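Listed here are the chains, written in short residue letters.
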Amino acid sequence: MQLGVIGLGRMGRIVVDRTLDAGHDIVAYDVAEEAVESAAKAGAEPADSVADLAEKLGEEKRIWLMVPAGEPVDAALEDLEPYLDGDDVVVDGGNSYFEDSVRRGETTSAAYLDCGTSGGPAGAELGFSLMVGGPEWAYDELTPVFDAVATGPDGHDRMGESGSGHYVKMVHNGVEYALMQTYGEGFELLHEGRYDLDLEAVARTWNNGAVIRSWLLELCEEAFREEGTDLGDVADHIAGGSTGTWTVQEALEQEVPVPLIYEALSERFGSRAPEDGRFSRRLANRLRYGFGRHEVKRD
Ligand SMILES: NC(=O)C1=CN([C@@H]2O[C@H](COP(=O)(O)OP(=O)(O)OC[C@H]3O[C@@H](n4cnc5c(N)ncnc54)[C@H](O)[C@@H]3O)[C@@H](O)[C@H]2O)C=CC1
Ligand SMILES: O=C(CO)[C@H](O)[C@H](O)COP(=O)(O)O
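The following refers to the structure shown. Keep in mind that what you see is a predicted model, and the values were worked out from it rather than measured. Numbering of residues begins from 1 in every chain and follows the order in which that chain's sequence is written. Lettering for chains starts from A, numbering for ligands starts from 1, and both go in the order in which the items are written. Totals for whole chains, interfaces and linings use every residue, but because this is a predicted model, local features are given only for residues with pLDDT of at least 70 and side-chain atom pairs only at 80 or more, for both listing and counting. To obtain the side-chain values, all non-hydrogen atoms of the structure were used and water was disregarded.

## Overview of the environment of Arg288
Then, in step 1: Numbering of helices and strands runs from the N terminus; a helix is a DSSP stretch of H or I covering at least four residues, while a strand is a stretch of E covering at least two. Tracing the chain through its elements places Arg288 in helix 12 (residues 279–292).
Then, in step 2: Accessibility here uses a 1.4 Å probe with only protein chains present; expressed as a share of the type maximum, an area under 20% marks a residue as buried, one over 50% as exposed, and anything in between as partly exposed. What makes Arg288 buried here is its relative accessible area of 11%.
Then, in step 3: In this structure, the C-alpha to C-alpha distance between Arg288 and Phe98, residues 190 residues apart in sequence, is 23 Å.
Then, in step 4: Contacts were defined at the residue level, with two residues in contact if any of their heavy atoms lie within 4.5 Å. In this structure, Arg288 is in contact with Met180, Ile238, Ala239, Gly240, Arg268, Arg293 and His294, ignoring residues within four places of it in sequence.

## Looking at the pairing of strand 4 (residues 62–65)
Then, in step 1: On strand 4, burial covers both faces: Arg62 and Trp64 on one face and Ile63 and Leu65 on the other are all buried.
Then, in step 2: A pair of strands is considered paired only if DSSP assigns at least 2 bridges between the two. Across three bridges, the pairing between strand 1 (residues 2–6) and strand 4 is parallel. The residue bridging Val5 from the neighbouring strand is Trp64, located in strand 4.
Then, in step 3: Across four bridges, strand 4 lies against strand 5 (residues 89–92) in parallel orientation. Its bridge partner lying in strand 5, Arg62 is registered against Val89.
Then, in step 4: Taken together, strand 4, helix 4 (residues 71–80) and strand 5 form a β-α-β motif whose crossover is right-handed. Look down the strands so they point away from you; if the path from the first strand over the helix to the second goes clockwise, the crossover is right-handed.

## Details of the site of ligand 1
Then, in step 1: Residues are labelled near a given molecule or strand when at least one of their non-hydrogen atoms is within 4 Å of it. Taken together, 22 residues lie near ligand 1, and Arg10, Met11, Asp30, Asn95 and Thr117 sit nearest.
Then, in step 2: Residues adjacent in sequence count toward polar contacts only when both atoms are side-chain atoms; beyond that, a polar contact is any pair of N or O atoms within 3.5 Å, and within protein one must be able to donate a hydrogen and the other to accept it. The contact in question runs from an oxygen atom of ligand 1 to an N or O atom on the backbone of Met11, over 2.8 Å.
Then, in step 3: Interatomic distance of 3.3 Å between a backbone N/O atom of Val67 and an oxygen atom of ligand 1.
Then, in step 4: Contact with the protein chains removes 80% of the 840 Å² of surface that ligand 1 exposes when unbound. In these tables, accessible area is a Shrake-Rupley quantity obtained with a 1.4 Å probe, and a residue counts as shielded only by the protein chains included in the view.

## A short note on the nonpolar core
Then, in step 1: Residues belong to one nonpolar core when they are buried, are Ala, Val, Leu, Ile, Met, Phe, Trp, Tyr or Cys, and are joined through side-chain atoms within 4.5 Å. Among the nonpolar cores identified, the biggest contains 31 residues, and Trp64, Leu130 and Phe146 are the most heavily contacted of them.
Then, in step 2: Elements that contribute at least two residues to this core include exactly strand 1, helix 1 (12–21), strand 2 (25–29), helix 2 (33–41), strand 5, strand 6 (111–118), strand 7 (129–133) and helix 6 (136–149).
Then, in step 3: Broken down by element, the residue count for this core peaks at six residues, all from helix 6.
Then, in step 4: Setting aside its immediate chain neighbours within four residues, Trp64 contacts Leu3, Gly4, Val5, Ile6, Val15, Val91, Gly93, Cys115, Leu130, Val145, Phe146 and Val149.
Then, in step 5: Ala223, Val234, Leu287 and Val296 belong to the second largest nonpolar core, which has 21 residues in total.

## Comments concerning the site of ligand 2
Then, in step 1: Looking at ligand 2, there are 13 residues lining it, with Lys169, Glu176, Tyr177, Gly241 and His294 nearest.
Then, in step 2: Within the side chain of Tyr177, a nitrogen or oxygen atom sits 2.5 Å from an oxygen atom of ligand 2.
Then, in step 3: In this structure, Arg288 approaches ligand 2 through a side-chain N or O atom, which is 2.9 Å from an oxygen atom.
Then, in step 4: When the free accessible area of ligand 2 is taken as 370 Å², the share hidden by the protein chains comes to 86%.

## Concerning the pattern of salt bridges
Then, in step 1: By convention in these notes, a salt bridge is any Lys or Arg side-chain nitrogen within 4 Å of a carboxyl oxygen on Asp or Glu. Here the structure, examined in full by the defined rule, presents 17 salt bridges.
Then, in step 2: For Arg13, the salt bridge is made with Asp17, and the minimal N-O distance between the two is 3.0 Å. Here Arg13 and its partner Asp17 are both found in helix 1, four residues apart, which amounts to about one turn of the helix.
Then, in step 3: A salt bridge links Lys56 to Asp52; the nearest nitrogen and oxygen atoms lie 2.9 Å apart. Linking Lys56 with Asp52, this pair stays in helix 3 (residues 50–56), spanning four residues, or about one helical turn.
Then, in step 4: Residue Asp52 is classed as buried on the basis of its relative accessible area, which comes to 16%.
Then, in step 5: Here the salt bridges share partners, and the residues they tie into one network are Glu226, Glu227, Asp233, Arg286 and Arg298.

## Topic: a nonpolar patch on the surface
Then, in step 1: A grouping of Val171, Val175 and Leu179 is seen on the molecular surface, where their side chains present a nonpolar patch of about 210 Å² in accessible area.
Then, in step 2: Examined against the element boundaries, Val171 turns out to sit in helix 7 (residues 164–192). Think of a patch as exposed residues, more than 30% relative accessible area, with no salt bridge, where like charges cluster within 9 Å and nonpolar side chains (Val, Leu, Ile, Met, Phe, Trp, Tyr) cluster within 5 Å.

## Looking at empty space enclosed by the protein
Then, in step 1: Lining residues are defined by having an atom within 4 Å of a point belonging to a cavity or pocket. Those points lie on a 1 Å grid over the protein atoms alone, cavities being sets where a 1.4 Å probe fits but cannot get out and pockets being open sets with protein on both sides within 12 Å along at least five of seven lines. Grid points are joined across faces, edges and corners, and a volume is the space filled by probe spheres set on the points. If you walk through the whole model with that rule in mind, you get one cavity of 30 Å³ or more.
Then, in step 2: Considered as a void within the structure, the largest cavity measures approximately 60 Å³ in volume.
Then, in step 3: Forming the boundary of the largest cavity are Tyr177, Met180, Gln181, Ile238, Ala264, Glu267, Arg268, Ser280, Arg281 and Ala284.
Then, in step 4: Of all the secondary structure elements, the ones that give two or more residues to the lining of the largest cavity are helix 7, helix 11 (259–271) and helix 12.
Then, in step 5: Residue classes follow a fixed rule: Ala, Val, Leu, Ile, Met, Phe, Trp, Tyr, Cys and Pro count as nonpolar, while Asp, Glu, Lys and Arg count as charged, and any other residue, Gly among them, counts as polar. Here the residues of the lining of the largest cavity sort into five nonpolar, two polar and three charged.

## A few points about the packing of aromatic side chains
Then, in step 1: Side-chain rings of Phe, Tyr and Trp (the six-membered ring for Trp) are treated as a pair once their centres are within 6.5 Å; stacked means planes under 30 degrees apart, edge-to-face means over 60, and tilted covers the remaining angles. On inspection of all chains with the given rule, the structure shows eight aromatic pairs.
Then, in step 2: When the ring of Tyr139 is compared with that of Phe146, the centres are 5.5 Å apart and the planes differ by 25°; the resulting orientation is stacked.
Then, in step 3: Note on Phe146: relative accessible area 0%, which makes it buried.
Then, in step 4: Taking the centre distance of 5.3 Å and the plane angle of 45° together, the rings of Phe187 and Trp206 count as tilted. You can see Phe187 sitting in helix 7 and its partner Trp206 sitting in helix 8 (residues 199–207), a full 19 residues away along the chain.
Then, in step 5: Its relative accessible area of 26% is what places Trp206 among the partly exposed residues.

As structure tokens, this is what we get:
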């Protein structure tokens, strides 16, 4: 299949590499020229604008957006719109707000798939977990691409109608915040508590057979190994927060209690006020590098 990929950063580049490896033909565009050059070196056909990308694609266009959520998605869709019709398919693989995706599904001429993507740059070799919303025929049509980008056929599924993919990913991120918070609290107690513990050894032991083993706990182990058991100069500051905020807003609207997700979100907001460093938040700061290659804020 021929696929256009717009947005060649940490995540989009993985979409390019994995689909090329699976034998698909890629046309690649990014506002950053060096990202396009690098994708071309890997085997993609370079495009120098969204219009150029659309013109290089055949009659039935299949396009994957992997740009930051919000205005960049609308900008790319506006440039694509003159080239699209109902036989085309556009996938938004970023962390877009689900109501934006519903709106875009209604206003874009192509079939629109909202695709929640999990696994992060650190999971590139394994492939991603993909949560897809939108028209069934478009999901079926893109299945060979989803097979390549995901861990395999079990790593993606159609969640339901338009918006449902990004809705599921939003809640996934709320869970991610709460898990990070609870690991942080446990390790903070162990760090401040009565024994002089090697936290890398604790995490490694837990990761081998314990009930609470997980990929995030493996990333805790990696953080202690690379930063030291006291996390060295990792700052008490957690960035991000948009998907967690949407999760809490939606929970309030649905009258579903989500106290753990709310507490995790408020810890992030609290971390941005000047105060004494909190160990749990410093660990969360470092874990975001582990799974997302987000910048580690340092003192
Ligand atoms: N990094 C992560 O762990 C994950 C990120 N995501 C989501 O995936 C999307 C992309 O994230 P990353 O790759 O991490 O971001 P990134 O910042 O590494 O890459 C974004 C790329 O989009 C390009 N870009 C921005 N505006 C553009 C436009 N109008 N036209 C063409 N290119 C444009 C930038 O030059 C950059 O190369 C975001 O929505 C993010 O929330 C989803 C899951 C995990
Ligand atoms: O979706 C992701 C992981 O699943 C991204 O890494 C996202 O950036 C995480 O959210 P935040 O930036 O609010 O920590």
